[in-house]
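Here's the letter readout for the chains.
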Amino acid sequence: MIKELKSLKKRKINLADKDAPEITDWKKAVVGKFYRPVKKQVTVRIDADVLEWFRLSAKKYQTLINAACREYMAHHQKLHKKVKNKHV
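Residues numbered from 1 in each chain as written. Predicted model: local features only at pLDDT ≥ 70, side-chain atom pairs only at ≥ 80, totals over all residues. Heavy atoms only, no water.

**Points about the overall build of the protein chain**
Applied cut-off: What counts as a helix is a DSSP run of H or I of at least four residues, what counts as a strand is a run of E of at least two, and both are numbered from the N terminus. A radius of gyration in this sense is built from C-alpha atoms; the matching globule rule multiplies 2.2 Å by the number of residues raised to 0.38. Burial classification: accessible surface area is computed with a 1.4 Å probe over protein chains only, and a residue below 20% of its type maximum counts as buried, one above 50% as exposed, and the rest as partly exposed. Each accessible area value is a Shrake-Rupley result obtained with a 1.4 Å probe; residue values ignore everything except the protein chains displayed when judging cover. Positive charges come from Lys and Arg alone, negative charges from Asp and Glu alone, with His and the N- and C-terminal ends not counted. Note on charges: their place is set at NZ of Lys, CZ of Arg, CG of Asp or CD of Glu.
For the protein chain, the count of helices and strands is three helices and zero strands. Counted from the first residue to the last, the protein chain has its helices and strands arranged as α-α-α. Against the compact-globule benchmark of 12 Å for 88 residues, the protein chain has a radius of gyration of 25 Å, which places it well outside the compact range. Looking at the 88 residues of the protein chain, the share that counts as buried comes to 3%. Put simply, the protein chain shows about 10,200 Å² of open surface, and 58% of that area lies on carbon and sulfur atoms. Mean positive and mean negative side-chain charge positions of the protein chain (23 and 9 charges, respectively) differ by 8 Å.

Here you go:
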């Protein structure tokens, strides 16, 4: 069995797929479609009523909280850029 495994390592594999068409039109391509941000576990204190609202709003309430934080971040980044550009 070990000999078989070693022989498999040395084997050349042809990855060409004759049936798959070559992609030449990238107009419908979506950049970052499969990008997933790195998650980091933290401890956060959230008011009980806010947490309860998120829990009742969605089964994946942590994802919803993350989306709300991301929306807040994006909004404030835009505001920060506007203020910064006015002073330049």
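Here the narrative resumes.
**Here we look at the packing of aromatic side chains**
Remark: the centre distance and the inter-plane angle together describe each pair of aromatic rings, the angle taken between the planes. Defined as follows: Each aromatic pair joins two rings of Phe, Tyr and Trp (for Trp, the six-membered one) with centres within 6.5 Å, and gets the label stacked for planes under 30 degrees apart, edge-to-face for over 60, and tilted for any other angle.
For the structure shown, the criterion picks out one aromatic pair. Between W53 and F54, the ring centres sit 5.1 Å apart and the planes meet at 85°, which makes this aromatic pair edge-to-face. Using a relative accessible area of 53% as the deciding quantity, one classes W53 as exposed. Judged by its relative accessible area of 15%, F54 falls in the buried class.

**Concerning the confidence of the model for the protein chain**
In plain terms, the rule: Think of pLDDT as the predictor's per-residue confidence, scored from 0 to 100.
Taken over all residues, the pLDDT of the protein chain has a mean of 86, while the share at 70 or more is 92%. Confidence, expressed as mean pLDDT per element, reaches its minimum in the protein chain at helix 1 (residues 2-10) with 81 and its maximum at helix 2 (residues 48-57) with 97.

**Looking at the layout of surface pockets**
Sizing a probe to match a water molecule and rolling it over the atoms shows the empty space that remains. In plain terms, the rule: Using a 1 Å grid laid over the protein atoms alone, points where a 1.4 Å probe fits but cannot get out form a cavity; open sets with protein on both sides within 12 Å along at least 5 of 7 lines form a pocket; any residue with an atom within 4 Å of a point counts as lining. Grid points are joined across faces, edges and corners, and a volume is the space filled by probe spheres set on the points. Ten residues, namely Ala, Val, Leu, Ile, Met, Phe, Trp, Tyr, Cys and Pro, are considered nonpolar, four, namely Asp, Glu, Lys and Arg, are considered charged, and the remaining ones, Gly among them, are considered polar.
As a volume, the largest pocket reaches approximately 660 Å³. Taken together, 18 residues form the lining of the largest pocket, with K40, V42, Q62, I65 and N66 sitting closest to its centre. The element best represented in the lining of the largest pocket is helix 3 (residues 61-86), accounting for eight residues. The residue makeup of the lining of the largest pocket, split by class, is 10 nonpolar, five polar and three charged.

**As for a positive patch on the surface**
Our working definition: Here a patch means residues that are over 30% exposed by relative accessible area and free of salt bridges, tied together within 9 Å if like-charged and within 5 Å if nonpolar (Val, Leu, Ile, Met, Phe, Trp, Tyr). When a carboxyl oxygen of Asp or Glu lies within 4 Å of a side-chain nitrogen of Lys or Arg, that pair is called a salt bridge.
Positive charge collects at one region of the surface, where R36, K39, K59, K60 and R70 lie side by side. Residue placement: R70 occurs in helix 3.

**A few points about the environment of K12**
Along the chain, K12 turns up in the loop between helix 1 and helix 2. Taking the C-alpha atoms as reference points, K12 and E22, 10 residues apart in sequence, are found 23 Å from one another.

**A few points about a nonpolar patch on the surface**
A contiguous nonpolar patch, built from V42, V44, I46 and V50 and spanning about 330 Å² of accessible area, is present on the exposed surface. Mapped onto the elements, V42 comes out in the loop between helix 1 and helix 2. In this structure V42 comes out as exposed when scored by relative accessible area, which is 57%.

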